[in-house]
Amino acid sequence: MSKNSTVALAHGMDVQENVTRVFDMLGGVTNLIKPNTTVILKPNAGHAAPPEFAVCTHPETVRAVIHEVRKANPKRIVIAESAAVGCDTMECYEACGIAKMAAEEGVELYDIKREKDLINVAVRDYRSNISHVKLPRLLLEAEHIINLPILKAHASMVFSGALKNIKGVVQDQVHTTMHRQNLTMAMMDVWSVCRPDLNIMDVMSAASGYSPHTPTPIELDCVMGSKDPVALDRIACELVGIDPDGVSYFKVADEVGLGTTNQENIEVVGDKLDDCKKKMWVPYLEDIRNRWPEYDVHCDGACSSCQALLTLNMETLKAIGIYDENKGMTVVAGCDNKLDPNTPDKQIILHGNCTRRHLKEHPDAYFLPGCPPGEGSLYMTVVRKEPVTGQPELMPWIRQRMEDDAPAWRGYVEKEAEKFYGSNK
Ligand code: SF4
């Protein structure tokens, strides 16, 4: 890729104006989109959350992109998504307001999960265990794909922007496989077979805090765009005060050639980054080494995904009032930890595939497989005193328990957000 990547930044209350400016700064829509082509818009609509939660790309941002793309006279515009595992894409479109907007605009909504016309694409030099990915013919044959993420904090990836949004072009089976191994590498493999030509990020509002499930939205009134998803994610991090070095998968994305994280190679055009900055609350990035002194937490060598999940789970224990009664437990994540051989196995939780080796010395410890493991599996394991690893037979129990715990958790998050933002959200 070329040495210099451009990231366009437009700040203002009018989302249409922002989107148009971003397209103009990146070369103009008629230069970016060929006439009489199929244009896929890939928003982030993976959860059934209302627009004001800022978890899904806002329908007005998607509408603004549709208006802009129409100037290039495409043959067809299609909004395409495959919602998170366990979520119905069409329900998500409805909940986040994209369905209503698409009906008003006369634009097709497409559920990747329900597509039967798939092509099994080989992943060259695959880095995870995914040697092939089944993708809809529509996506592979479309002349243009525009990635439309929203900026948010994320429980299993710390930060969600352009790179992470492409995880949502695969059906559930691939999605589940991705979560059973190194998710970062699996994400890179999906990018290698489905690479959007443009990324437009919705930063009008962003989901901070314990997003995506318990978001605390903040207003930023920005739209950003770039052909380089890595540079875009990096600059978006700077916009909201996230240390890009704290997001492990950026470096990998740079190494595999998806773009650059090196600030010296990135030119920001448009409004001044410094004038638009607003510090975002991302509890997943707070130092976790001494954060729960009542527990014996070992996290040397843990990457940001496992650190974020530890944070989510340990804080959940506090929120639901069972933190104190389980103190003394040993929690392990990452590959560089030494454990006291005398620690009783039933006091140890091994979080993630990196910790599997401790099973030799502690065969009866609670081992949570995954890279990273499922989002609530650590706290559920503490509650149940048996590993919770996403087994289908446990799903009803997990859903019920999460529903029961939701009010306490929500109240806890609101208090924490208040401590961070005061009245400055
Ligand atoms: S299991 Fe290991 S490699 Fe995978 S996310 Fe956790 S710390 Fe990272």
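Below or above, wherever it landed, is the structure these notes cover. (Residues numbered from 1 in each chain as written. Predicted model: local features only at pLDDT ≥ 70, side-chain atom pairs only at ≥ 80, totals over all residues. Heavy atoms only, no water.)

### Let's talk about the site of the ligand
Point 1. Within the structure, the ligand sits among A302, C303, C306, G352, N353, C354, G370, C371 and P372.
Point 2. Per-class residue counts for the shell around the ligand are 6 nonpolar, 3 polar and no charged. (Near = heavy atom within 4 Å. Nonpolar A, V, L, I, M, F, W, Y, C, P; charged D, E, K, R; others polar.)

### Structural notes on the packing of aromatic side chains
Point 1. Under the defined criterion, the tally for this structure stands at 9 aromatic pairs.
Point 2. Aromatic pair Y210 and W281: ring centres 5.6 Å apart, planes at 85°, arrangement edge-to-face. With Y210 in strand β10 (residues 198-210) and W281 in the loop between α12 (273-276) and β13 (296-298), this pair connects stretches of sequence that are 71 residues apart.
Point 3. Since its relative accessible area comes to 2%, Y210 is described here as buried.
Point 4. We classify W281 as buried; its relative accessible area is 3%.
Point 5. Plain terms: the ring middles of Y210 and W409 are 4.8 Å apart, the flat faces sit at 65° to each other, and that makes the pair edge-to-face. Of this pair, Y210 sits in strand β10 while W409 sits in helix α15 (residues 395-421), placing them 199 residues apart in sequence. With respect to burial, Y210 and W409 carry one shared label: buried.
Point 6. Each residue in the set Y210, W281, Y284, W409, Y412, F420 and Y421 is aromatic and connected to the rest through ring pairs, giving one cluster. (Phe/Tyr/Trp six-rings, centres within 6.5 Å; stacked < 30°, edge-to-face > 60°. Helix = DSSP H or I, 4+ residues; strand = E, 2+ residues; numbered from the N terminus. Buried < 20%, exposed > 50% of the residue type's maximum accessible area, 1.4 Å probe, protein only.)

### So, the nonpolar core
Point 1. Membership of the largest hydrophobic core comes to 76 residues, with the highest contact counts inside it found for F159 and M224.
Point 2. Per-domain counts for this core show at least three residues from each of domain 1 (5-283) and domain 2 (286-421).
Point 3. Setting aside residues up to four positions removed in sequence, F159 forms contacts with L151, K152, H154, K164, D233, A236, C237, I242, V247, Y249 and F250.
Point 4. By size, the runner-up hydrophobic cluster in this structure holds 41 residues, among which are L32, L41, A72 and A99. (Core = buried A, V, L, I, M, F, W, Y, C linked by side-chain atoms within 4.5 Å. Domains from an automatic or database assignment. Contact = heavy atoms within 4.5 Å.)

### Structural notes on unusual backbone geometry
Point 1. Cis geometry marks the peptide bond from S211 to P212; its omega dihedral reads 5°.
Point 2. Summarising the element assignment, P212 is placed in the loop between β10 and β11 (214-226).
Point 3. Following C371, the chain continues into P372 via a peptide bond in cis, with omega recorded as 5°.
Point 4. The backbone of D125 sits at a positive phi, close to 50°, despite the residue not being glycine.
Point 5. Topologically, D125 is positioned in the loop between β5 (118-122) and β6 (132-136).
Point 6. Classification of D125 by relative accessible area gives exposed; the value is 66%.
Point 7. A positive phi angle, near 55°, is found at D221, a position not held by glycine.
Point 8. A residue is classified by how much of its surface remains accessible, and D221, at 18% relative accessible area, is buried.

### Describing the sheet that holds strand β15 (residues 348-351)
Point 1. The strand order β13-β14-β15-β16 describes an open sheet built from 4 strands, whose pairing is parallel. The open sheet has two edge strands, β13 and β16 (366-368), and neither has a second partner. Taking each pair of neighbouring strands and ignoring which way they run, the sheet shows an average axis angle of 15°.
Point 2. Both β13 and strand β14 (residues 330-333) contribute to a ladder of 3 bridges, which runs parallel. Bridge pairing in β14 links D296 to T330. (Pairing = 2+ DSSP bridges. Axes fitted to C-alpha atoms, helices over the stretch in contact; angles between N-to-C directions.)

### Observations concerning helix α4 (residues 89-96)
One turn of the α-helix equals 3.6 residues, which is why residues spaced by three or four share an orientation.
Point 1. For α4, the full list of buried residues reads T89, C92, Y93 and C96. Viewed along the axis of α4, the buried residues span an arc of 100°, placing them on a single side of the element. Exposed residues on α4 whose side chains face more than 90 degrees from its buried face are E91 and E94.
Point 2. Buried positions along α4 lie against α3 (59-70), β3 (76-81), α5 (98-105) and β4 (108-111).
Point 3. A side-chain oxygen of the first residue of α4 lies 3.0 Å from the backbone nitrogen of M90; this N-cap is D88.
Point 4. Just beyond α4, the residue with positive phi is G97, at close to 90°. (Arc of directions from axis to C-beta. Polar contact = N/O pair within 3.5 Å; in protein donor to acceptor, adjacent residues only side chain to side chain.)

### Notes on the layout of surface pockets
Remark: the empty space left among the atoms is shown by a probe the size of a water molecule rolled over them.
Point 1. Estimates place the volume of the second largest pocket at around 290 Å³.
Point 2. Surrounding the second largest pocket, 20 residues form its lining, N182, T184, C303, C354 and C371 being those nearest its centre.
Point 3. The set of elements that each furnish at least two residues to the lining of the second largest pocket consists of α9 (183-193), α11 (248-255) and α13 (304-319).
Point 4. For the lining of the second largest pocket, the element with the highest residue contribution is α9, accounting for 3 residues.
Point 5. The residue inventory of the lining of the second largest pocket, partitioned by class, reads 10 nonpolar, 10 polar and no charged.
Point 6. Looking at which domains feed residues into the lining of the second largest pocket, each of domain 1 (5-283) and domain 2 (286-421) gives three or more. (1 Å grid on protein atoms, 1.4 Å probe; cavity = no way out; pocket = protein on both sides within 12 Å on 5 of 7 lines; lining within 4 Å. Points joined across faces, edges and corners; volume = space filled by probe spheres on them.)

### Looking at the packing of helix α1 (residues 15-25) against α3
Point 1. Look at α1 against α3: their axes get within 9 Å of each other, and the N-to-C directions meet at 50°. Taken together, the axis directions place α1 and α3 in an arrangement best described as oblique. Between α1 and α3 lies a crossing of right-handed hand. The segment α1 lies against α3, with V15, Q16, V19, T20, F23 and D24 engaging E60, T61, R63, A64, V65, H67, E68 and V69. (Parallel < 35°, antiparallel > 145°, perpendicular 65-115°, else oblique. Left-handed = near helix turned anticlockwise from the far one by under 90°.)

So, to be careful, I would describe these as geometric facts and stop short of saying anything about function.
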